[in-house]
Amino acid sequence: MTQVSTERPRKPGIYRLLVLIFILILISAGYYWYRIVSPQRMYQQALNLSSSHPAEAESLLEMAIQRSPATHQEWLYLRVKLLVNMNRWEEAAGQWSLITDPANLPAEDLCQLAFVAKQQGHLAFSEQVFQAAKHEQHLLPDILRSLIQIHLQLGQEDLVIQECHELLEIKPLDSTAWQIIGTVYLTRKDFKEAEDAFRRCLRTSNDPRQISSVRENLIQSLIDSGQLESAQEEWNHLQATSSVLSERAILEYAWLLRAKGEYEQGLKFLKEYFKENRKLSNKALLMRGMLLMDSGQLEDAQNDFQQIINIEPWNKEAHQQLAMVYTRLKKTDFAQKHHKIAEKLNNDTLALLKLNSQLRQNPGDTNLRKQIADLYRSLGKPDLARELLKSHTSFP
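It should be emphasised that the depicted structure is a prediction, and the values quoted were computed from it without experimental measurement.

### Topic: the pattern of salt bridges
Phase 1 of the analysis: Within the structure shown, the criterion is met by 20 salt bridges.
Phase 2 of the analysis: Note that Arg145 is salt-bridged to Asp174, the shortest N-O span being 2.9 Å. Of the two residues, Arg145 is situated in helix 7 (residues 140-153) and Asp174 in the loop between helix 8 (157-170) and helix 9 (175-187); the sequence distance between them amounts to 29 residues.
Phase 3 of the analysis: Assessed through its relative accessible area of 30%, Arg145 is described here as partly exposed.
Phase 4 of the analysis: For the salt bridge of Arg288 with Asp304, the shortest nitrogen-to-oxygen distance reads 2.9 Å. Taken together, the positions of Arg288 in helix 15 (residues 282-294) and Asp304 in helix 16 (residues 298-311) put the pair 16 residues apart, joining distant regions of the chain.

Structure follows, in structure tokens:
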């Protein structure tokens, strides 16, 4: 009798499980290679190629950044520098915006990048990079000086004053900071603050050129505030210490004579310094025109003011003075025309101050930037308009 086997056939399930585990291990290893090891190798290759082949390095780095599951600040920063090196500023700015903690990057390297951006006219991008480097105390004075220059170019005067005072806390004998503060206050017609800043600058400066320039500013501030005797004293000091007087110094003395009511003396003084065969600047024409008007020579004054407007149609002062001439000549229509132009230019100037203040709060507002750029153009400052729009396209 044949014995029947009771042993059951072994199930293939265990083999399938082992195969599945093996496949999962391979997939995990592949994923690890693709997402961890491969991006690291790409970054290292990009780093090695960054000096000799920046385009190839940037392409590798872009893939490494896309593949890596983690965000590496140094990878993003290297790509920013490579894009800048290839003059791809808009992409560089976009990449920069992804760096969450730029203050941890090397400050000296940041300053070099910011300086390049500043030199190329990408002011908003440069400002952001300089700001990231401010934590390094030994670099702070130079960073502040650069930020002051940037904000002066962008017309952001409040920030200029703030940064000048920050600089003076570190470098109390920095005469240029006082000069800049005084100049800003002078443009704002805050003569008391301007005078104080200019006098502080004169006490700390050892640069003869700076001293002459600042003394000229001080004279203007004193004349505009009605301190004629003090202005005369400063002008006498300037004349005694200068081998050659600048055009500005000459015009300031003519203005001083005008303020004293000595119109004919002022005209005579200008004639001595500006010979007949020399073409007068618009500033000299404006001064001569005002002296001519004050002395009753209205037609000659009209010619001087009109010459200025033909060259600088945005010259508010020339329009104002010409309106006054036409009023005295009983030419009411012409007077009203130039008065309205002067009033519009003045309103545009005030609007510009207001919009620049708003822009500091909303630097990414495209419409606001376009409005400001239009105002710069209408006020005869197309370079500032270009800088403003360029800085916007270079940093969103």
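Next comes the rest of the write-up.
### Comments concerning the layout of surface pockets
Phase 1 of the analysis: Size it by volume and the largest pocket reaches roughly 2100 Å³.
Phase 2 of the analysis: Taken together, 45 residues form the lining of the largest pocket, with Leu186, Thr187, Lys189, Gln220 and Lys283 sitting closest to its centre.
Phase 3 of the analysis: At the level of elements, helix 7, helix 8, helix 9, helix 11 (208-224), helix 13 (247-259), helix 15, helix 17 (316-328) and helix 18 (332-361) are the ones that each hand at least two residues to the lining of the largest pocket.
Phase 4 of the analysis: Classifying every residue of the lining of the largest pocket gives 20 nonpolar, 13 polar and 12 charged.

### Digging into helix 5 (residues 107-119)
Phase 1 of the analysis: Taking 1.5 Å of rise per residue, 13 residues should cover 18 Å, and helix 5 covers 18 Å from first to last C-alpha, within 8% of that figure.
Phase 2 of the analysis: If you check which residues of helix 5 are buried, you get Ala107, Leu110, Cys111, Leu113, Ala114, Ala117 and Lys118. With its buried residues spanning 165° around the axis, helix 5 presents them on a single face. Among the exposed residues of helix 5, those oriented more than 90 degrees off its buried face are Gln112 and Gln119.

### Brief notes about the side chain of Asn315
Phase 1 of the analysis: Summarising the element assignment, Asn315 is placed in the loop between helix 16 and helix 17.
Phase 2 of the analysis: Overall, Asn315 belongs to the buried group, its relative accessible area being 15%.
Phase 3 of the analysis: A distance of 3.0 Å separates a polar side-chain atom of Asn315 from the backbone nitrogen of Ala318.
Phase 4 of the analysis: Those residues within four positions of Asn315 in sequence are excluded, and the remaining contacts are Ile308 and Leu345.

### Some details on the packing of aromatic side chains
Phase 1 of the analysis: Across all of its chains, the model carries 9 aromatic pairs by this definition.
Phase 2 of the analysis: With 6.3 Å between their ring centres and 70° between their planes, Trp96 and Phe125 make a pair best called edge-to-face. Here Trp96, found in helix 4 (residues 89-96), pairs with Phe125, found in helix 6 (residues 123-132); they are 29 residues apart in sequence, far enough to count as distant.
Phase 3 of the analysis: Its relative accessible area of 5% is what places Trp96 among the buried residues.
Phase 4 of the analysis: Judged by its relative accessible area of 0%, Phe125 is buried.
Phase 5 of the analysis: Between Phe269 and Tyr273, the ring centres sit 4.8 Å apart and the planes meet at 55°, which makes this aromatic pair tilted. With Phe269 and Tyr273 both in helix 14 (residues 263-273) and 4 residues apart, this pair spans about one turn of that helix.
Phase 6 of the analysis: Put simply, the rings of Tyr77, Trp89, Trp96 and Phe125 pair up and form one aromatic cluster.
Phase 7 of the analysis: Over the face of the ring belonging to Trp255 we find Arg258, whose NZ or CZ atom lies 5.4 Å from the ring centre.

### A word on the confidence of the model for the protein
Phase 1 of the analysis: Confidence along the protein averages 87 in pLDDT terms, with 88% of residues attaining 70 or more.
Phase 2 of the analysis: Long-range and interchain partners of residues 31-37, a stretch whose pLDDT sits below 50, account for 12 contacts in this model, where long-range means more than four residues apart.

### Focus: the environment of Gly296
Phase 1 of the analysis: Secondary-structure assignment places Gly296 in the loop between helix 15 and helix 16.
Phase 2 of the analysis: The sequence separation of Gly296 and Tyr263 amounts to 33 residues, and the corresponding C-alpha distance is 9.8 Å.

### A word on helix 4
Phase 1 of the analysis: Along helix 4, the residues classified as buried are Trp89, Ala92, Ala93, Gln95 and Trp96. All buried residues of helix 4 project into a common sector of 160° when viewed along the axis, lining one side.

### A word on the environment of Ser242
Phase 1 of the analysis: With respect to the helices and strands, the residue Ser242 is situated in the loop between helix 12 (228-241) and helix 13.
Phase 2 of the analysis: In the structure, Ser242 is positioned 34 residues away from Pro208 in sequence and 9.1 Å away in space, judged by C-alpha atoms.
Phase 3 of the analysis: At 2.8 Å, the side chain of Ser242 forms a polar contact with the backbone oxygen of Leu238.

### As for the packing of helix 6 against helix 7
Phase 1 of the analysis: Interaxial distance between helix 6 and helix 7 falls to 10 Å at its minimum, and their mutual angle equals 155°. Taken together, helix 6 and helix 7 sit at an angle that is classed as roughly antiparallel. Crossing angle aside, the handedness with which helix 6 passes helix 7 is left-handed. Contacts between helix 6 and helix 7 involve Leu123, Ser126, Glu127, Phe130 and Gln131 from the first element and Ile143, Ser146, Leu147, Ile150, His151 and Gln153 from the second.
Phase 2 of the analysis: In terms of residue class, the contact of helix 6 with helix 7 is built from 5 nonpolar, 5 polar and 1 charged.

Conventions we followed
Residues numbered from 1 in each chain as written. Predicted model: local features only at pLDDT ≥ 70, side-chain atom pairs only at ≥ 80, totals over all residues. Heavy atoms only, no water. Salt bridge = Lys/Arg side-chain N within 4 Å of Asp/Glu carboxyl O. Helix = DSSP H or I, 4+ residues; strand = E, 2+ residues; numbered from the N terminus. Buried < 20%, exposed > 50% of the residue type's maximum accessible area, 1.4 Å probe, protein only. 1 Å grid on protein atoms, 1.4 Å probe; cavity = no way out; pocket = protein on both sides within 12 Å on 5 of 7 lines; lining within 4 Å. Points joined across faces, edges and corners; volume = space filled by probe spheres on them. Nonpolar A, V, L, I, M, F, W, Y, C, P; charged D, E, K, R; others polar. Expected span 1.5 Å × (residues − 1). Arc of directions from axis to C-beta. Polar contact = N/O pair within 3.5 Å; in protein donor to acceptor, adjacent residues only side chain to side chain. Contact = heavy atoms within 4.5 Å. Phe/Tyr/Trp six-rings, centres within 6.5 Å; stacked < 30°, edge-to-face > 60°. Lys NZ or Arg CZ within 6 Å of the ring centre and 35° of its normal. pLDDT = per-residue confidence, 0-100. Axes fitted to C-alpha atoms, helices over the stretch in contact; angles between N-to-C directions. Parallel < 35°, antiparallel > 145°, perpendicular 65-115°, else oblique. Left-handed = near helix turned anticlockwise from the far one by under 90°.

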